[in-house]
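Coordinate analysis (summary)
Chain residues, written in single-letter form:
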Amino acid sequence: MPDDPKAPEAHAPKAAVPAGPPDPAPPADLAPPAFLASLSEAIADGIAQTSYFVGDWTVVVPVARLLDVARHLCDAPDAAFDLCSDVTASDWPTRPQRFDVIYCLYSTRHRHRLRVKIRAAEHEGVPSVSGIWPGANWLEREVYDMFGVNVTGHPDRRRLLMPDDWQGHPQRKDYPLEGPGELLMENPIDWLKLRQARDEADIE
Amino acid sequence: METPTVHHGAMFDTNELVLNMGPQHPSTHGVLRVVLRLDGEKVVDADVVIGYLHRGIEKLSENRNWTQIILLTDRMDYVAAATSNVGYCETVEKLMSLEVPRRARYVRTILCELQRIASHCLWVGTHAMDIGAMTVFLYAFRERELILDLFEEFCGARLTYNSMRIGGLPLDIPPGWDKKVLEFCKIMDSKIDEYETLLTHNRIWLERTRGIGVISGPEAAGLGLCGPVLRGSGVPRDVRKDEPYAAYDEMTFDVPLGTSGDTYDRYLVRMEEFRQSLRIIRQAAEGIPDGPIVGKVPRLIKPPAGETYHAIESPKGELGFFIVSDGKSTNPYRFRVRSPSFCNLQGLRRLVRGHLVADVVALIGSIDIVLGEVDR
């Protein structure tokens, strides 16, 4: 429901919002794990960027190639990421592609980790990986609920933690901390108008 | 005489029935709602509804400074609060590349394992009570009380401890505390046998748990299950062994595994984890090294810009923190908790299919959820 006119007003973030995480490139003397080499061999345009920070490897993947990369990482014997331990997002409102969606993968066979990251714009469709890892189902529902990331192809896309009729997506940076109640505090007349309009809509 | 034929189908309505269980149901351990579709007494499908305890801890944490968040993590898994404290502090330490003194790492190990025992005590008590064995509940809570006393002596609180600081511990252990921990281990040893006498070979217990909610290892991993639930299906996955944190790399212990992946195996895995936890506590309490309890922590905590994910093994499974720092402000830019109860609860829908309504209660107990952590 990103286009809903009743959604709480976008509040300008107070401090200067950074344009995204730094994603530092790996140091020159550090060889990337072997499964990354075979991934870029199997899917030529699969990796847009590789980064390394405090011991974690991250690959940035174009949205269009996400499913291919995920399928490869799950099935390839040298990667074998059979456990999708987390799917989450972060919001960088100053960027045109404002969302980072992050998939934390783990392999119970090789005991290694990898983070796959995609960058998506406000309404851009992000394909669901729950067909590959069924465990991503609720995690993607939470990402949709909290950020409004447009997850496509999801078997059961509903809100998860917030009530079904909730307006707005609470984890976005422009969503006020105290919730939509702030409108009432700052501009009670507008709030009253909004409530009346809502009540009338209910009666009809 | 001609016997009349009885058509059961004609007499009874055989439509599917939708049964709403919770959010105020005593066996759902809080505010979990499960909408069951029933065919007679068999569960055809289930919809698990959560969010009744959602307090927005992630959003709140993004507006608190790095030290204030520690006490918010208490409010997630409130039966094992110290574990969440350790998980969060270690993630920030990883982000800042801080060195934690060995003494602090040993005490953290002891606290984590005491919490595991306390959490498993609560689990075995409530799980058995859900299935109908009242006695175990009273026994298990008696021993949990001893652990709470130890925590009260260490940090003054009995439930929400706030017992950790970034870079080390808030205070040193009280004199003689390690001796009391060892004494507790001695008492606990025989108590685990007591629980097992009541349950492990109990005919009713076996009937209620064997073959209930069977899930294979690969399927459990695909569903994102973790902790004892995954190990009950025979997948050797334990963060303490695979990605050691605190002082686990210096401890000797085994990871118990199940074979058939049913409720009974998950029970056996947790019972063995009691013993392994005691083994770890003994090694750690006997070998606490001398030295400082806090590393070289800057007065103003401000991690460099970047993002990281760090996981620890909480009593329920893999508790992960994904934290993004922008390097400029004194609060995290993004704070995300991957809670084990959340991911395990997702598997409930798969587990209850084809079982009876009474087994739903057993299965909710067997995956061991805490709603404070599911909803955050």
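Residues numbered from 1 in each chain as written. Chains lettered and ligands numbered in written order. Predicted model: local features only at pLDDT ≥ 70, side-chain atom pairs only at ≥ 80, totals over all residues. Heavy atoms only, no water.

What follows is about the pairing of strand β4 (residues 99-106) of chain A. Residue and element names in this part refer to chain A. Most of β4 sits out of view: eight of its eight residues are buried. Covered by surrounding structure in β4 are F99, V101, Y103 and L105 together with D100, I102, C104 and Y106, the residues of both alternating faces. Note that β4 and strand β5 (residues 113-120) share eight bridges and pair antiparallel. Within β5, the residue paired with L105 across the bridge is L114. Connecting β4 to the antiparallel partner β5 that follows it, the hairpin turn spans six residues, and R111 within it adopts a positive phi of roughly 55 degrees. (Buried < 20%, exposed > 50% of the residue type's maximum accessible area, 1.4 Å probe, protein only. Helix = DSSP H or I, 4+ residues; strand = E, 2+ residues; numbered from the N terminus. Pairing = 2+ DSSP bridges.)

Residue and element names in this part refer to chain B. One open sheet accounts for three strands, arranged β1-β2-β3; its pairing is antiparallel. Looking along the sheet, the strands with just one partner apiece sit at the ends: β1 (17-21) and β3 (42-49). Across this sheet, the average inter-strand angle for adjacent strands is 20 degrees, counted without regard to direction. Looking at chain direction, strand β2 (residues 33-39) and β3 are connected through seven bridges and run antiparallel. Paired with L38 across the two strands is V43, which belongs to β3. (Axes fitted to C-alpha atoms, helices over the stretch in contact; angles between N-to-C directions.)

In this section: the packing of helix α1 (residues 34-42) of chain A against helix α2 (residues 66-75) of chain A. Residue and element names in this part refer to chain A. For the pair α1 and α2, the least separation of the axes is 11 Å and the interaxial angle reads 135 degrees. Viewed along their axes, α1 and α2 adopt a mutual orientation that is oblique. In the crossing of α1 with α2, the sense of the turn from one axis to the other is right-handed. Residues S38, L39 and A42 of α1 touch α2, and the partners they reach there are V69, H72 and L73. In the contact of α1 with α2, the residues fall into four nonpolar, two polar and no charged. (Parallel < 35°, antiparallel > 145°, perpendicular 65-115°, else oblique. Left-handed = near helix turned anticlockwise from the far one by under 90°. Contact = heavy atoms within 4.5 Å. Nonpolar A, V, L, I, M, F, W, Y, C, P; charged D, E, K, R; others polar.)

Quick look at the pattern of salt bridges now. Taken as a whole, this structure holds 60 salt bridges over all chains when the rule is applied. Across the pair R115(A) and D56(A) runs a salt bridge whose closest N-O atoms are separated by 3.0 Å. Residue R115(A) is located in strand β5, and its partner D56(A) is located in strand β2 (residues 56-60); the two are separated by 59 residues in the primary sequence. The class for D56(A) is buried, based on a relative accessible area of 10%. Ionic contacts of the salt-bridge type, sharing partners, join the residues D86(A), E142(A), K173(A), E58(B), E62(B), R334(B), R336(B) and R376(B) into one network. (Salt bridge = Lys/Arg side-chain N within 4 Å of Asp/Glu carboxyl O.)

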